[in-house]
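# Fold and geometry: a report
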Amino acid sequence: MTRHNDKANENRFSTIAVGTAETEARPHHGGTNDVVAPIHLSSTFEWAGGDDANEHEYSRESNPTRAALEEQLARLEGGEHGLAFSSGMAAISTTMLSLVPPGGHLVSSDSIYGGTEKLLTKLVAGHLGVDVEFVDAREPENIASAVDSDTDLIWAETPTNPLMRLSDIRSIADIANDHGIPFGVDNTFASPYFQAPLELGADIVVHSTTKYLNGHSDSIGGAVITDDDAVFENLAFAQRIGLGNMLSPFDCYLVARGIKTLPARMKHHQENAMAVARLLEGHDRVTHVHYPGLESHPQHDLAGEQMSGYSGMLSFEFDGSLTELEAFLNGLTIFTPGTSLGGVESLVEVPSLMRPDQGSHESATTDIPETLVRLSVGIEDVDDLCEDLRSALP
């Protein structure tokens, strides 16, 4: 299941995650040869000219701790450039606002995170007058039909939140390349460990580092990785000058620390999620399980082609009333009801009960079943997780 880095003279993924990038980034550490990049909290740095010029002058524009993390993020995704933002939504909004002009045209997959949907419908379309076109990206020809000479950006989330739908990254990348359009992929659910969009032809990869990259539910952040120099320059200007939404040094440290254990955590997340998915698939109070690792998933073959594993996210449709579903939530002792995902602890969310602003009645894109349950499967003992679900399901 381990993804290798295809670039020449690069170490494999787990080696990069543990510290290859930090070793090469040690000039950022101030010459002290720290094994772990230190936290540089200074907002400004002493100025010097000529040969003594400092690489960093002001922390909003450049900070040693952030620079080390951004290099590590780029290496994890096999890209040339990485940028760390104050949140996942900051990374997404900066990408869209930097690449799509007012009155422009953006084509997006119709199954996306509710926050991204509202960004597109209320700000990008509603305030900036961008023509945002949502299509079912499970079929690449729908993307091809929507794209024209005026399109500025293609956007996809795969796997999607919360229905776990997939987009064929390589096929969409070919469409984007034929039209000379940048193609961005939200890779948060898969993580860099299980999916490498840049290797499949995408131009931009976005993450909420809050999730699997940090992995411990104690930091909010986002990241953008790209191979495109022009895209990078636009986004870097927005991050450092135009919007000023960079990630703080302490949060950079937390993300970098989390990345060190990403390979080990992702293996465990997936093993547990597979066991949970199979348990739920056989339960008489569950009508459908959405998990790409199951043979019953309609895009299971695509998942096997473009992913090296299936991650720890899944959702299922409960057969019963909302009252019964709420009783199920109250009966859980290990799965904690809560938003977010990707931490070591298991979380459960029912969008219609816990996030009504993102329920089916509000969705402008894809209907979310009222009794849909989303699980972020953690790394606890798998037998305890399965028993927790068995005992809580009516």
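Reference entry: report on the structure contained in this document. Since this is a predicted model, take the numbers as computed values, not measurements.

## Some words on the packing of aromatic side chains
- Counted under the stated rule, the structure contains 6 aromatic pairs.
- Between Phe13 and Tyr193, the ring centres sit 5.4 Å apart and the planes meet at 65°, which makes this aromatic pair edge-to-face. Here Phe13, found in helix α1 (residues 13-24), pairs with Tyr193, found in helix α7 (residues 191-194); they are 180 residues apart in sequence, far enough to count as distant. In this structure, Phe13 and Tyr193 share a single accessibility class: buried.
- Look at Tyr193 and Phe194: their rings are 5.0 Å apart centre to centre, the planes differ by 70°, and that puts the pair in the edge-to-face class. In terms of burial, Tyr193 and Phe194 fall into one category: buried.

## Focus on the side chain of His105
- Along the polypeptide, His105 turns up in strand β2 (residues 105-109).
- According to the relative accessible area criterion, His105 is buried, its value standing at 5%.
- A distance of 2.7 Å separates polar atoms of two side chains, one belonging to His105 and the other to Thr151.
- For His105, the residues in contact, after removing those within four places along its chain, are Val100, Val130, Asp131, Glu133, Ala146, Asp148, Asp150, Thr151, Asp152 and Leu153.

## Remarks on the packing of helix α2 (residues 64-76) against helix α9 (residues 249-260)
- Running from amino to carboxyl end, α2 crosses α9 at an angle of 35°, the nearest separation of the two axes being 9 Å. The hand of the α2/α9 crossing is left-handed. Listed contacts from α9 to Thr65, Arg66, Leu69, Gln72, Leu73 and Leu76 of α2 are Pro249, Cys252, Tyr253, Val255, Ala256 and Ile259.

Definitions and limits used
- Residues numbered from 1 in each chain as written.
- Predicted model: local features only at pLDDT ≥ 70, side-chain atom pairs only at ≥ 80, totals over all residues.
- Heavy atoms only, no water.
- Phe/Tyr/Trp six-rings, centres within 6.5 Å; stacked < 30°, edge-to-face > 60°.
- Helix = DSSP H or I, 4+ residues; strand = E, 2+ residues; numbered from the N terminus.
- Buried < 20%, exposed > 50% of the residue type's maximum accessible area, 1.4 Å probe, protein only.
- Polar contact = N/O pair within 3.5 Å; in protein donor to acceptor, adjacent residues only side chain to side chain.
- Contact = heavy atoms within 4.5 Å.
- Axes fitted to C-alpha atoms, helices over the stretch in contact; angles between N-to-C directions.
- Left-handed = near helix turned anticlockwise from the far one by under 90°.

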